[in-house]
Amino acid sequence: MVVCVCNALKERDVREAARSGCQNPLAAYAAFGRRPQCGQCIPFARALIAEERAASAA
C-alpha cells in the first residue's frame, strides 16, 4: 500500500524504517532521503510506526 504519494513511499518502507529505529515519520522519511511534502500521510505513517514499535516490544 502507498503511504506517501508525494514521495512514493510504501507501507513496507515505513515499517522497515521503524524496525531500523526510526521513531517518527520525519525520521522514517529521512532514512530514505525524503521529507513529507503535503503532510496528508503523516497520521498513517505515525500509526504504522506505532504498530511496529508495539510489535517489537511484545
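What counts and how
- Residues numbered from 1 in each chain as written.
- Predicted model: local features only at pLDDT ≥ 70, side-chain atom pairs only at ≥ 80, totals over all residues.
- Heavy atoms only, no water.
- Helix = DSSP H or I, 4+ residues; strand = E, 2+ residues; numbered from the N terminus.
- Rg over C-alpha atoms; globule rule 2.2 N^0.38 Å.
- Contact = heavy atoms within 4.5 Å.
- Lys, Arg positive; Asp, Glu negative; His and termini not counted.
- Charge placed at Lys NZ, Arg CZ, Asp CG, Glu CD.
- Axes fitted to C-alpha atoms, helices over the stretch in contact; angles between N-to-C directions.
- Parallel < 35°, antiparallel > 145°, perpendicular 65-115°, else oblique.
- Left-handed = near helix turned anticlockwise from the far one by under 90°.

Colleague: Could you give an account of the overall build of the protein, naming the residues involved and the relevant values?
Modeller: From N to C terminus, the protein includes three helices and two strands. The linear arrangement of helices and strands in the protein, starting from the amino end, is β-β-α-α-α. Over its C-alpha atoms the protein spans a radius of gyration of 10 Å, differing by no more than 12% from the 10 Å that the globule rule assigns to 58 residues. At a minimum sequence separation of 6, the contacts of the protein that also span at least 24 residues come to 52%. Distance between charge centroids for the protein: 6 Å, based on 8 positive and 5 negative side chains.

Colleague: Run through the packing of helix 1 (residues 11-19) against helix 3 (residues 42-57), naming residues and quoting values.
Modeller: Interaxial distance between helix 1 and helix 3 falls to 9 Å at its minimum, and their mutual angle equals 50 degrees. The pairing of helix 1 with helix 3 is recorded here as oblique in orientation. Crossing geometry of helix 1 relative to helix 3 is assigned as right-handed. Residues Glu 11, Val 14, Arg 15, Ala 18 and Arg 19 of helix 1 lie in contact with helix 3, whose contacting residues are Phe 44, Ala 45, Leu 48, Ile 49, Glu 51 and Glu 52.

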